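Each chain is listed here by its residues.
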Amino acid sequence: AMGGNHTQPKFILLGITDSPWARAPLFGLFLLIYLVTLAGNVGLMVLVWVAPSLHTPMYFFLTHFSLADICYSTIISPKMLTDLLFGNRTISWAGCVAQFHLFALFVTAECHLLAAMAYDRHVAICHPLLYATVVSPRTCWRLLAWSYLVAFLSALLYSSCTFGASFCGPRQVDHFFCDSSPVLRLACSDTRGSEIAFFALAAANGLGTGVVILLSYGRILRTVLGMRSAPSRSRAFHTCASHLVSVSVFYGTLFFMYLQPASRHGSRDKVASVFYTMVSPMLNPFIYSLRNREVKAALGKCRSRMVNCC
């Protein structure tokens, strides 16, 4: 089916806007978002690395979540920024496949990491005495390996569903990166089978991890409401609040994008895509650090250590 791909081995990304005057302000805005994303996520990873008080399973998962955020915004933002700046919107066939494959890999890994973090919170709050043995370093590494194994296999299937069709007409992708539905719209062979397979896999990943998160929080809620003391109730809610906020942002936009039929996709997709490819990775470090006493305490210690060194 890929035989026709070599005649014109490039795609053209139509990007986020047609109007030339909007390109400079958008370039400035997205560059700022990307730099804040890098600074926030790298900063959080470094803080967890240098602060012994944050060497816990929750922060182990959080550093890997930050790493995935850095990776998938880097897969999309620099290309989008150069397109806005220079107006050269072409991307090679291989570049398009690689961009989509890596994007799908890191997004799927994030779904499974969020589920692992929900499980971690569930054990910490519902079974505190067993926490050290249940969520051991070995378990953490296994959950991380599982997240990436499932993500890698899923991304292979997503990519073959998306790029397995024949492309013989105009290669203009109506998007700012090589995403599945705008690419599939360009196929001149029947893509219904691919779309169904893609939808089923997205549903399995999204709903599967979503169910783990919902069940974990159902148990957490029951445990917290049963607590006698108000301080321990508020402490338990506090540890979960940041995770719940980032889950809501991430899953809300992902479900909007990938769990709707291809015919329903339209111009709103670009806005939703900007949200989870750029805004969400930028917000995550702030969601986790601003609401979090442990992170604030670790930051304070690092700051005073640096002041003493100087």
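The residue count restarts for each chain, going from 1 along the sequence in the order it is written. Selection of residues for local features in this predicted model requires a pLDDT of at least 70, selection of side-chain atom pairs for listing and counting requires 80 or more, and totals for whole chains, interfaces and linings are taken over all residues. Derived side-chain values reflect all non-hydrogen atoms in the structure, with water molecules and hydrogen atoms excluded from consideration.

Engineer: Summarise the environment of Tyr217; cite the residues concerned and give the values.
Structural biologist: Here Tyr217 is to be found in helix H7 (residues 192-225). Per-residue accessibility, obtained with a 1.4 Å probe over protein chains only, is compared with the maximum for each type, and a residue is labelled buried under 20%, exposed over 50%, and partly exposed between these values. Its relative accessible area of 11% is what places Tyr217 among the buried residues. When the C-alpha atoms of Tyr217 and Val173 are compared, they prove to be 40 Å apart, with 44 residues separating the residues in sequence. Whether two residues touch is decided by their heavy atoms; if any such pair falls within 4.5 Å, the residues are in contact. Dropping the residues within four chain positions of it, Tyr217 is found in contact with Ala118, Arg121, Cys240, His243 and Leu244. Helix numbering and strand numbering both begin at the N terminus, where a helix is a DSSP run of H or I of at least 4 residues and a strand a DSSP run of E of at least 2.

Engineer: Residues and numbers for the nonpolar core, please.
Structural biologist: By size, the foremost hydrophobic cluster in this structure holds 86 residues, and its most contacted members are Phe11, Phe103 and Leu114. If one sorts the elements of this core by residue count, helix H3 (residues 93-126) sits on top with 19 residues. Not counting residues within four places of it along the chain, the set of residues in contact with Phe103 comprises Tyr72, Ile75, Ile76, Phe177, Asp179, Tyr258, Tyr276 and Thr277. Definition of nonpolar core: a set of buried residues of the types Ala, Val, Leu, Ile, Met, Phe, Trp, Tyr and Cys, connected through side-chain atoms within 4.5 Å.

Engineer: Give me the lowdown on the layout of surface pockets, citing residues and values where you can.
Structural biologist: A cavity here means a set of points on a 1 Å grid, drawn over the protein atoms and nothing else, where a 1.4 Å probe fits but cannot get out; a pocket is an open set with protein on both sides within 12 Å along at least five of seven lines, and a residue lines either one if it has an atom within 4 Å of a point. Grid points are joined across faces, edges and corners, and a volume is the space filled by probe spheres set on the points. The computed volume of the largest pocket comes to approximately 320 Å³. As for the largest pocket, its lining consists of 18 residues, of which Tyr59, Arg121, Thr239, Asn292 and Glu294 are closest to the centre. Sorting the residues of the lining of the largest pocket by element identifies helix H2 (57-86), H3, helix H8 (230-258) and helix H10 (293-309) as the ones contributing at least two each. At four residues, H8 tops the list of elements feeding residues into the lining of the largest pocket. When the residues that make up the lining of the largest pocket are grouped by side-chain class, the tally is seven nonpolar, six polar and five charged. Residue lining of the second largest pocket: 16 residues in total, with Val48, His55, Thr56, Tyr59 and Phe60 positioned closest to the centre. Elements with a contribution of two residues or more to the lining of the second largest pocket: helix H1 (20-50), H2 and helix H5 (137-163). Under the scheme applied here, ten amino acids are nonpolar (Ala, Val, Leu, Ile, Met, Phe, Trp, Tyr, Cys and Pro), four are charged (Asp, Glu, Lys and Arg), and all others, including Gly, are polar.

Engineer: Describe in detail the UniProt feature "transmembrane region" (unreviewed entry) in the protein, supporting the description with residues and values.
Structural biologist: UniProt positions are given in the numbering used here, feature names are shortened, and annotations may be inferred rather than shown by experiment. Feature annotation in UniProt places "transmembrane region" (unreviewed entry) on residues 26-51, 58-77, 97-119, 140-158, 196-215, 236-259 and 271-290, given in this structure's numbering. Within the segment residues 97-119, helix and strand shares are 100% and 0% respectively, and the terminal C-alpha atoms sit 33 Å apart. The span residues 196-215 shows a helical share of 100% and a strand share of 0%, and its end C-alpha atoms are spaced 27 Å apart.

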